[in-house]
Amino acid sequence: MSEVKKENKIDKLLNQEMTRRKFMKISGKSLAGLTVSASLLSLFGCTQEQVDSGAVSLWTTPTGLLVVNQAKCTGCQRCEINCTVVNDGMVSSHTSRVKITRNLMSNNGHGTYQDDWVYYPDTCRQCDVPACGEACPKEAIYADDKGVKHVDEAKCVGCGACVEACPWHMPTIHPETRKSTKCILCGACAEGCVTGALSIVPWDAVTAAAQPTRKN
Amino acid sequence: MTIYGWAGKILRVNFTTGSITTEDTMKYKDYIGGIGIGYKVIYDEVPLDTHPYDEASKIVLAMGPLTGTGVPCSGRLSMTFLSSWTKGFSVVDAHMGGHISHALKYAGYDGIIFEGKSETPVYLKIDDDKVSIEDASHLWGKGTFEANRILVEENGSDFDAATIGPAGENLVNMSCMITSVGNAGGAGVGAIFGSKKVKGFVVRGTGSLKVADPKGLKEVSDYMLRELVGGNNNHNVPAVPQSWAEYSAPSGKNRWSGAPGRGWHKAEGGFVDMGEQPVGDIDKIGYRAHKGHFDHGPIADKYMVKVGGCSSCPIRCYAQYDIDPLAEYDLPTKVSNTCMPIIYQSAWYPEGLTDFVDEGDANLVICGAGARAVDDYGLWDNYGNIQRDFNYLYRSGILKEKLPEEEWNSIPWHWMKEGDPRFVVDIVRRISLKEGEISKLGLGTYLLVEEWDLGKEYFDIEYLQNVTYNGYPKHHSSEDAWQSGLLYNIMYNRDCMVHHITNFVQSGSPYELYKKILEEEFGEGAVDKPKHYTPMNRAKARLAKWAFIGKQWHDMATLCNWMYPMTLSPSKERGYKGDLELDAKYMTAVTGENWTREDVDLVSERVTNMLRVITAISFHIHEGSTNLREDHDTIAAWVFDKEPDFEPFEAGTVKMDREDMEVAKTMFYEEMGWDVKTGIPTRETLERLGLGYMADDLEARGLLPA
């Protein structure tokens, strides 16, 4: 009974006027068990069945909803390539702010060498209260006026506290620059994803799609 | 000085002494990378009379400056070594995709030279600059899928692995190395590793590859993805109509097979519809290649989980299947491949196949069983020759004559007659483990003909597809690319793997459209109508040279020759014209040096001539030959004698004409700067390419043309 209630509540939420604040309530959780409206599904590039199977994750970020659909990830690593060529001016898997390679071969019994081809890009969650920033002894991780967290390279000493503090170990200390590579939501990974497994849906689009239309 | 594009070091590992050293890649810069470094090291360091399985034999694994930089379709590496199975036992190369080339570059290496011989089974562990030789006794005898899994589990999930299977361990000439989901390097490399007792290698690379102009590189990459790239094999129009597209393939079939309503039924969360993939939409490019549908039709969708491929490549040409009917036979159901293993296993069943669950699924299920088996055992099929040899020898009754009665009776022929998928697995096992006389199929066609005394006329049988008398088949030859295709098919010491011409011929684009684009480059008469050829001309020789040296460029750079060059484009705004300057643009952005197409052509020609010189020396040593035209570049009779109801150059046939092909060879040698009598490079050509030392060598051996 309570499950049904919860489902109805979130269903309502998803189909009513959406704000970032409301989405925060479901951010980071698997959407499994939720019914998502057709207009939002279309925006997220996924199906209700993919939502039900747990293949789709949503993360709220200051600039939009980050949608990761692992059913569509084909492991080409272009997200990592684009991340590093844009942000570091050199190319690497290890220092990438989005991480597919560490999941591609073998991840907790899944992956290429586990014969099931379940892999996905790990992304920075752009947490409201970021563990990375909280842990930084130099207060080098700051939020810009949109709320996007950046690394002040002048302050960063490459100690790795952010890497340890992040529950998903998303920042990396670049072996050459000795600076933390933390995602700054530049969007290069999603823009270059050749199957749309990774996308960032801007808030105005989310809000528009979630609005009941006049016709309805 | 900062090096851009290249990682900077070559790793040299001697398995006899255990010595592990590095050297500066830049000493090989004239040869760029990949097979360029491969040919140079083999030529300099391995006497060409060395037996491929001797301690002195080496494998040169190398990438080029574009691999690892994110240039689309660059997740490749080459392995160069002496052939154990072709006439002349000269230099061959294997090419492998997957993800491991990126890991190697990020670990800091442009290549690995494997030399010497271990006494016990080992593998090479590369963890950035920490490199060690590790015990592999627990992996010896295991299939590649299990070995790769164990290696990654033991070393860490951010490692990648590549291994040989039992075929390589047992020194089966027809053997390969496997990484990722069935990405293979063939040409017999498995047994060279096996002779060194090296099961394979694992790599973790946490470094970065520097590029001179990252912004420029991103711009050129995005330009390629928005305007130039097509589908699989760079087919530039979709197979079936899409709402945005002016053209589609008239046959309804090409390798841009992704389309609305087609997709992957076994994906997580159910069906993924591949939809339309308009020009310019980067986030849809990955749905263009639907190799499953191209290979097996709509039934493929039922069993597909997703698609895969190599690092950096937006064209996901590996269909990844979960073929449940195989479970009933206790066979693995997860199968992935893109080439012969997943399309050619029904040849093991000369008496035909029976469907399993749905109408028309027999070939897919059998190919699934066969693909998994050959990749797991690490058996290489020589582009289908091993299957064709089996099929023909069975049908002709020769196989029964050659096998001892006891062995013949031990083979589960009833499985073959019933179309049971366990039959292919059984035969693959026998060949890979060298069980019995049937395993002679693993020698390769050239040595099999000798061993079973099948006679030179064996190569003249059309079904067997041998393009020369040297032991390997055609690979998109005159049937796609008239005289030009046949010319580059006979230049190598294995199947040619050149896709330059087949890619536009099979693209589905209108003939007049691609003819115009190509003839602007190579001259009038370069491009024949499908199945309506004209006699040889100079433009066709130029076209053949472009494709031949261009293939070497790809294996130097290292780029995928299935995708490059970007000859055509799917963009109507561009008039469907691609960009043949693209590779030079990438080289400029990556290295910071100013590269032109002419520069690319020059280094390609240099490395191509190294292949030719090494081949000439090997043929001299092993065959006593002083003439490649007569002893290497021979064309099997069936190419001229097929379709007896037709004359050459009639509409409707792709048969070739003997005299015309001699004209073709002469014109081609002239374009290449080779002596027309012997087909051996002249001193003038070699010196122009900076290969004067090779001219001296040829002269000392009495091989240099007068």
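Residues numbered from 1 in each chain as written. Chains lettered and ligands numbered in written order. Predicted model: local features only at pLDDT ≥ 70, side-chain atom pairs only at ≥ 80, totals over all residues.

### Some thoughts on the overall build of chain B
Part 1 of the argument: Counting secondary structure elements, chain B contains 26 helices and 18 strands.
Part 2 of the argument: The C-alpha atoms of chain B give 24 Å as radius of gyration, which agrees with the globular expectation for 706 residues (27 Å, within 12%).
Part 3 of the argument: Considered along the principal axes of its C-alpha atoms, chain B spans approximately 65 × 60 × 55 Å.
Part 4 of the argument: Evaluated residue by residue, chain B yields a buried proportion of 62% over its 706 residues. (Helix = DSSP H or I, 4+ residues; strand = E, 2+ residues; numbered from the N terminus. Rg over C-alpha atoms; globule rule 2.2 N^0.38 Å. Buried ≥ 20, exposed ≤ 12 C-beta atoms within 10 Å, placed from the backbone.)

### Quick notes on the overall build of chain A
Part 1 of the argument: Secondary structure assignment for chain A yields 10 helices and 8 strands.
Part 2 of the argument: Residues counted as buried form 48% of the 216 residues belonging to chain A.
Part 3 of the argument: Considering only intrachain contacts with a sequence separation of at least 6, the fraction spanning at least 24 residues in chain A is 54%. (Contact = placed C-beta atoms within 7 Å.)

### Quick word on the sheet that holds strand β2 (residues 64-69) of chain A
All names here are of chain A.
Part 1 of the argument: Strand order across the open sheet formed by 3 strands is β1-β2-β8, with antiparallel pairing between neighbours. Of all strands in the sheet, those with a lone pairing partner are β1 (56-60) and β8 (198-202), marking the two edges. The mean inter-strand angle of the sheet, taken between neighbouring strand axes irrespective of direction, is 20°.
Part 2 of the argument: In this sheet, β2 lies alongside β1 in antiparallel orientation, the contact comprising 5 bridges. Directly across from S57, in β2, lies its bridge partner V68. (Pairing = 2+ DSSP bridges. Axes fitted to C-alpha atoms, helices over the stretch in contact; angles between N-to-C directions.)

### Observations concerning the domain arrangement of chain B
Residues and elements named next belong to chain B.
Part 1 of the argument: Domains assigned within chain B are domain 1 (9-204) and domain 2 (250-452).
Part 2 of the argument: Put simply, the middle of domain 1 and the middle of domain 2, counted by C-alpha atoms, are 26 Å apart.
Part 3 of the argument: Taken together, the 39 residues of domain 1 in the interface contact 31 residues of domain 2.
Part 4 of the argument: Among the secondary structure elements, those contributing two or more residues to the side of domain 1 that touches domain 2 are α2 (100-107), α3 (144-155), α4 (166-169), β10 (177-179) and β11 (183-185).
Part 5 of the argument: Here the residues of the side of domain 1 that touches domain 2 sort into 16 nonpolar, 21 polar and 2 charged. (Domains from an automatic or database assignment. Nonpolar A, V, L, I, M, F, W, Y, C, P; charged D, E, K, R; others polar.)

### Examining the interface of chain A and chain B
Part 1 of the argument: Taken together, the contact pairs 45 residues of chain A with 47 residues of chain B.
Part 2 of the argument: For the side of chain A that touches chain B, the secondary-structure elements that each account for two or more residues are α4 (48-53), α5 (78-87), β3 (90-91) and α6 (101-104) of chain A.
Part 3 of the argument: Sorting elements by how many residues they give to the side of chain A that touches chain B places α5(A) first, with 5 residues.

### Thoughts on the packing of helix α9 (residues 362-377) of chain B against helix α14 (residues 422-432) of chain B
Residue and element names in this part refer to chain B.
Part 1 of the argument: Packing of α9 against α14 brings their axes to within 9 Å, and their N-to-C directions diverge by 20°. Looking at the two axes, α9 sits roughly parallel to α14. Crossing of α9 against α14: the hand is right-handed. Between α9 and α14, the residues in contact are I366, A369, G370, A373, V374 and Y377 and V424, V425, V428, R429 and S432, respectively.
Part 2 of the argument: Of the residues contributing to the contact of α9 with α14, the split by class is 8 nonpolar, 2 polar and 1 charged. (Parallel < 35°, antiparallel > 145°, perpendicular 65-115°, else oblique. Left-handed = near helix turned anticlockwise from the far one by under 90°.)

### Some points on the sheet that holds strand β4 (residues 77-82) of chain B
Residues and elements named next belong to chain B.
Part 1 of the argument: Spatial strand order, β2-β1-β6-β3-β4-β5: 6 strands in an open sheet with mixed pairing. Each having just a single partner strand, β2 (20-24) and β5 (91-96) make up the two edges of the open sheet. Strand-to-strand twist of the sheet, defined as the mean angle between neighbouring strand axes without regard to direction, takes the value 20°.
Part 2 of the argument: Both strand β3 (residues 59-62) and strand β6 (residues 109-115) contribute to a ladder of 4 bridges, which runs antiparallel.

### Focus on the domain arrangement of chain A
Residue and element names in this part refer to chain A.
Part 1 of the argument: On domain assignment, one finds that chain A holds domain 1 (2-72 + 195-210) and domain 2 (78-191).
Part 2 of the argument: If you look at the interface, domain 1 gives 11 residues, while domain 2 gives 15 residues.
Part 3 of the argument: Where the side of domain 1 that touches domain 2 is concerned, the elements lending two or more residues are β2 and β8.
Part 4 of the argument: Here the element with the most residues in the side of domain 1 that touches domain 2 is β8; it accounts for 3 residues.
Part 5 of the argument: Here the residues of the side of domain 1 that touches domain 2 are counted per class, giving 6 nonpolar, 5 polar and no charged.

### Some details on the pairing of strand β16 (residues 304-308) of chain B
Residue and element names in this part refer to chain B.
Part 1 of the argument: The buried fraction of β16 amounts to 5 of the 5 residues, a majority that puts the element mostly inside the structure.
Part 2 of the argument: Where β16 meets strand β17 (residues 318-322), 4 bridges bridge the pair, whose relative direction is antiparallel. Bridging across to β17, M304 finds its partner in Y321.

### Considerations on helix α21 (residues 597-623) of chain B
All names here are of chain B.
Part 1 of the argument: Taking 1.5 Å as the rise per residue, α21 with 27 residues should run 39 Å; its terminal C-alpha atoms sit 38 Å apart, in good agreement.
Part 2 of the argument: Counting buried positions over the 27 residues of α21 gives 19, a clear majority of the element.
Part 3 of the argument: Count one or two residues on from α21 and you reach G624, which has phi positive near 65°. (Expected span 1.5 Å × (residues − 1).)

### Quick word on helix α6 (residues 214-228) of chain B
Part 1 of the argument: The end-to-end C-alpha distance of α6(B) is 20 Å, a good match for the 21 Å that 15 residues give at a rise of 1.5 Å each.
Part 2 of the argument: Within the sequence span of α6(B), burial applies to P214(B), L217(B), K218(B), V220(B), S221(B), M224(B) and L228(B). Along α6(B), the residues classed as buried sweep out an arc of 165° about the axis, all on the same side.
Part 3 of the argument: As for α6(B), its buried residues are in contact with α5 of chain A together with α20 (582-591) of chain B. (Arc of directions from axis to C-beta.)

### Some thoughts on the environment of G508(B)
Residues and elements named next belong to chain B.
Part 1 of the argument: Mapped onto the elements, G508 comes out in the loop between α17 (500-505) and α18 (511-522).
Part 2 of the argument: You can call G508 buried: it has 25 C-beta atoms within 10 Å.
Part 3 of the argument: Considered as a pair, G508 and P238 are 270 residues apart in the sequence and their alpha carbons are 7.9 Å apart.
Part 4 of the argument: Residues in contact with G508, not counting those within four places in the same chain, are H235, V237, A239, Y247, S248, A249, P250 and N254.

### So, the environment of I20(B)
Residues and elements named next belong to chain B.
Part 1 of the argument: Considering the arrangement of structural elements, one finds I20 in strand β2.
Part 2 of the argument: Separated by 94 residues in the primary sequence, I20 and F114 place their C-alpha atoms 10.0 Å from one another.
Part 3 of the argument: Contacts of I20, omitting those with residues within four sequence positions, involve V13 and V131.

### Thoughts on the environment of N254(B)
All names here are of chain B.
Part 1 of the argument: Following the sequence through the fold, N254 ends up in the loop between α6 and β14 (263-264).
Part 2 of the argument: C-alpha separation for the pair N254 and A239, spaced 15 residues apart in sequence, amounts to 5.0 Å.
Part 3 of the argument: Apart from the residues within four sequence positions on either side, N254 is in contact with H235, A239, A249, Q506, S507 and G508.

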